[in-house]
Every structure is written in structure tokens, then in C-alpha cells.
Amino acid sequence: MAEQPRDDISPSQLHWCHANRQTRTRTKSIGSLAAKMSADVGRTASHEVAVFEAISAVVDDEFRRYCRYGGMSAGSVVILVNPADARYHSVIRTKWHLQLREHLERVCRGTLIRRIRFELGTDGATFQTTIPD
């Protein structure tokens, strides 16, 4: 059975529906989405390098011995503390959390850093030891 047209729709309602319908131009091509994603990944990688270098510039040899850079995830900078040295986890966090936060806010202005997390782990990049001049 065919659907009967509705008599209770006014011309102004039809005009609103016509004016506010979704157009075909609102969908994006896969090429433009891939290009945007590629640019975002490149930008994210450069932000991670900047954060890693900023941390390396300010930490001491003790921090370098116990910690590794775990990357960034959703605005969080992850610092991995070696599980064998877990007894230093809270000491390192207490000593470095605020210093790193303030330093990263000054140095990495274009990077969104919501928090710094200290976690146990052995993966990640090692911070290079400083060579005296």
C-alpha cells in the first residue's frame, strides 16, 4: 500500500527542510582526509621530538639513569621509570614533576600538554647523558 501524503506540513516547514538539508559538499573525499591525517601525524612527531629534547636539556644524570621517554598520549607526557628502580618512582616524580611541567610550558608553547605521568616501564627512548664542555 502506498504511503499517503501528509496534509499537516506547512509551506514554511517545507521551506525550512529544504534550506537545512545536508548537501553533498559536506562529505569529504578520502584523499583530503588522508592528507590531513598525514599532516597531523607529522605535526605530532615534531611535537614529540621537541618535548623529548626539552626534557633532555633540563634533567640530571640521575633522572637519565632511572627514566625513559614514553611518548605522548592525548596531551599526557609519559615518563617511564625502570621497574627495577621502582623505589625511586615517587622520589623522581616529586622532584621532577613540577619542574618539567613548568619547563615544557615555557619551551613547547605550540604543544598541548595536559599532564606529565610517571609510570613503570622499560620501553621508550633513553635520555642521553650530558657531555661536559
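Everything numeric in this text was worked out from a predicted model, so none of it was measured.

Draft legend 1. Structural view of the overall build of the protein chain. Helix and strand counts for the protein chain stand at four helices and four strands. Here the protein chain, with 133 residues, has 23% of them falling under the buried criterion. In the protein chain, the proportion of contacts linking residues at least 24 apart, taken out of those at least 6 apart, comes to 70%. Accessible area of the protein chain: about 9900 Å², with a carbon and sulfur share of 55%.

Draft legend 2. Spotlight on the packing of aromatic side chains. Applying the stated criterion across every chain, the model contains five aromatic pairs. An angle of 15 degrees between the planes, with centres 5.3 Å apart, marks the rings of F52 and F127 as stacked. In this pair, F52 sits in helix α2 (residues 30-58) while F127 sits in the segment after β4 (125-126), placing the two residues 75 residues apart along the sequence. A relative accessible area of 3% means that F127 is categorised as buried. Ring geometry for Y69 and F127: centres 6.4 Å apart, planes at 70 degrees, overall edge-to-face. Of this pair, Y69 sits in strand β1 (residues 67-73) while F127 sits in the segment after β4; the two residues are 58 residues apart in sequence, bridging distant segments of the chain.

Draft legend 3. Up close: helix α4 (residues 89-107). For α4, which comprises 19 residues, the first-to-last C-alpha distance of 25 Å matches the rise-based estimate of 27 Å (1.5 Å per residue) to within 8%. Where α4 bends most, at W96, the angle is about 40 degrees. What α4 keeps buried is the set I92, W96, L100, H103 and L104.

What counts and how
Residues numbered from 1 in each chain as written. Predicted model: local features only at pLDDT ≥ 70, side-chain atom pairs only at ≥ 80, totals over all residues. Heavy atoms only, no water. Helix = DSSP H or I, 4+ residues; strand = E, 2+ residues; numbered from the N terminus. Buried < 20%, exposed > 50% of the residue type's maximum accessible area, 1.4 Å probe, protein only. Contact = heavy atoms within 4.5 Å. Areas by Shrake-Rupley, 256 points an atom, 1.4 Å probe, with all protein chains shown as cover. Phe/Tyr/Trp six-rings, centres within 6.5 Å; stacked < 30°, edge-to-face > 60°. Expected span 1.5 Å × (residues − 1). Bend = angle between axes of the 7 residues up to and from the residue.

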